[in-house]
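Structural features, examined
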Protein chains: 2
Amino acid sequence: MKRRMTIQKTIILNSLKELHHPSAEELFEVIHQEYPLISKATVYRNLNLLVEEGIIDKLEVTDGPARFDLPMKKHYHLRCDNCGKLMDIEMDYLDDLDSMVKNNEGFQIKSHTLTFHGLCPECNNKKENGGF
Amino acid sequence: MKRRMTIQKTIILNSLKELHHPSAEELFEVIHQEYPLISKATVYRNLNLLVEEGIIDKLEVTDGPARFDLPMKKHYHLRCDNCGKLMDIEMDYLDDLDSMVKNNEGFQIKSHTLTFHGLCPECNNKKENGGF
DNA sequence: ATTTATGCAAATCATTTGCACATAG
DNA sequence: CTATGTGCAAATGATTTGCATAAAT
């Protein structure tokens, strides 16, 4: 199954370069501005294809839509428990973690994801002012 | 808003003791056997209430339904990339990780989740036999 | 007697899929 | 040409919600 280059795929890749790990929906909104004919299904389909081809990364987030991005150095995330905002973190990647697992019962470990949880500055303020 | 104890809530809690981090759907299926009148909405509602009250834990898994469990010692998970099977891992909890984050831009870090990814023995076999 | 909880069906959100038509190679 | 991609709408899966009724306090 040989892939073709289409206008849609080009636009999706370009938009991906301009946005910070957007969700498929966010990407669609932006692209829809300059290219109103595009279908949401096309955005989803191309994102999945690009992930399969290893051209982009899919960040699966608990509780919320998946986010996509151009591949970058392995890193971890910080996610706000309240508003769901996701940010990248400055921390050395723990390469040796995968080999620290005992009793893995034949499971082949290939990678890991580490996400920190808490409150972003904005939500932390809201909370202190009785916001929730 | 004071909570009431209902038959449904009792059954949900009991079933939770018997199952290994089931999804809401799985829990519903099991409960539905012995208590066919229960509604799926009731299962979801009670699970959410129990999580809010801190009585049970919600394990949010990327790409798949959330799973629920009685609170246990902090631990990490192993998830099969192919079939989605989730298992608990034997590994010391990294208490000092939360303080290793630099440049958190005012973010209050409270916890972290660490999940290992790879292939479970079954899927690994399938793969070697050309399954996918 | 209140007020919270339940059951049902409809609604919502993220994502996928079937199908006829368009288009890249 | 012909297989791959597109747009649309309908389908799916997980979860939530509105509303009238039932049950707990």
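Here the structure is a predicted model, which is why all the values come from computation and not from measurement.

1. Some points on the sheet that holds strand E5 (residues 108-119) of chain B
- With mixed pairing, 6 strands are arranged side by side in an open sheet as E4(A)-E3(A)-E5(A)-E5(B)-E3(B)-E4(B). Only two strands of the sheet have a single neighbouring strand rather than two, namely strand E4 (86-88) of chain A together with strand E4 (86-88) of chain B. Between one strand axis and the next, the sheet turns by 30° as a mean value, whatever way the strands run.

2. Remarks on the nonpolar core
- Formed by 32 residues in total, the largest nonpolar core has its most connected members in Met91(A), Leu114(A), Phe116(A), Met91(B), Leu114(B) and Phe116(B).
- Those elements that provide at least two residues to this core are strand E3 (77-80) and strand E5 (108-119) of chain A together with strand E3 (77-80) and E5 of chain B.
- Those residues within four positions of Leu114(B) in sequence are excluded, and the remaining contacts are Leu97(A), His112(A), Thr113(A), Leu114(A), Tyr76(B), His77(B), Met91(B) and Leu94(B).

3. Some points on the domain arrangement of chain A
Residue and element names in this part refer to chain A.
- Split into domains, chain A comes out as domain 1 (1-72) and domain 2 (73-132).
- The distance between the C-alpha centroids of domain 1 and domain 2 comes to 23 Å.
- Between domain 1 and domain 2, the contact holds 8 residues from the first and 7 residues from the second.
- Summing both partners gives a buried area of about 680 Å² for domain 1 against domain 2, and 56% of it is carried by carbon and sulfur.
- Of all residues in domain 1, His21, Val61 and Met72 bury the most surface against domain 2, accounting for 61% of the area lost on that side.
- At the surface where domain 1 touches domain 2, the tally comes to 0 salt bridges.
- Applying the counting rule to domain 1 against domain 2 returns 3 residue pairs in polar contact (both at pLDDT 80 or more).
- Residues of the side of domain 1 that touches domain 2, tallied by class, amount to 3 nonpolar, 3 polar and 2 charged.

4. Some details on the protein's contact with DNA strand D
- In the neighbourhood of DNA strand D, 21 residues make up the surrounding shell, with Arg4(A), Thr6(A), Thr42(A), Asn48(B) and Ala66(B) lying closest.
- One of the side-chain N or O atoms of Gln8(A) is found 2.9 Å from a sugar or linking oxygen in DNA strand D.
- Within the contact set of DNA strand D, a base oxygen lies 3.3 Å away from a side-chain nitrogen or oxygen of Arg45(B).
- Contributing elements (two or more residues each) for the surface near DNA strand D: helix H3 (40-52) of chain A together with helix H3 (40-52) of chain B.
- When grouped by side-chain class, the residues that make up the surface near DNA strand D number 9 nonpolar, 6 polar and 6 charged.

Basis of the calculations
Residues numbered from 1 in each chain as written. Chains lettered and ligands numbered in written order. Predicted model: local features only at pLDDT ≥ 70, side-chain atom pairs only at ≥ 80, totals over all residues. Heavy atoms only, no water. Pairing = 2+ DSSP bridges. Helix = DSSP H or I, 4+ residues; strand = E, 2+ residues; numbered from the N terminus. Axes fitted to C-alpha atoms, helices over the stretch in contact; angles between N-to-C directions. Core = buried A, V, L, I, M, F, W, Y, C linked by side-chain atoms within 4.5 Å. Buried < 20%, exposed > 50% of the residue type's maximum accessible area, 1.4 Å probe, protein only. Contact = heavy atoms within 4.5 Å. Domains from an automatic or database assignment. Buried area = accessible area lost by both parts, 1.4 Å probe. Salt bridge = Lys/Arg side-chain N within 4 Å of Asp/Glu carboxyl O. Polar contact = N/O pair within 3.5 Å; in protein donor to acceptor, adjacent residues only side chain to side chain. Nonpolar A, V, L, I, M, F, W, Y, C, P; charged D, E, K, R; others polar. Near = heavy atom within 4 Å.

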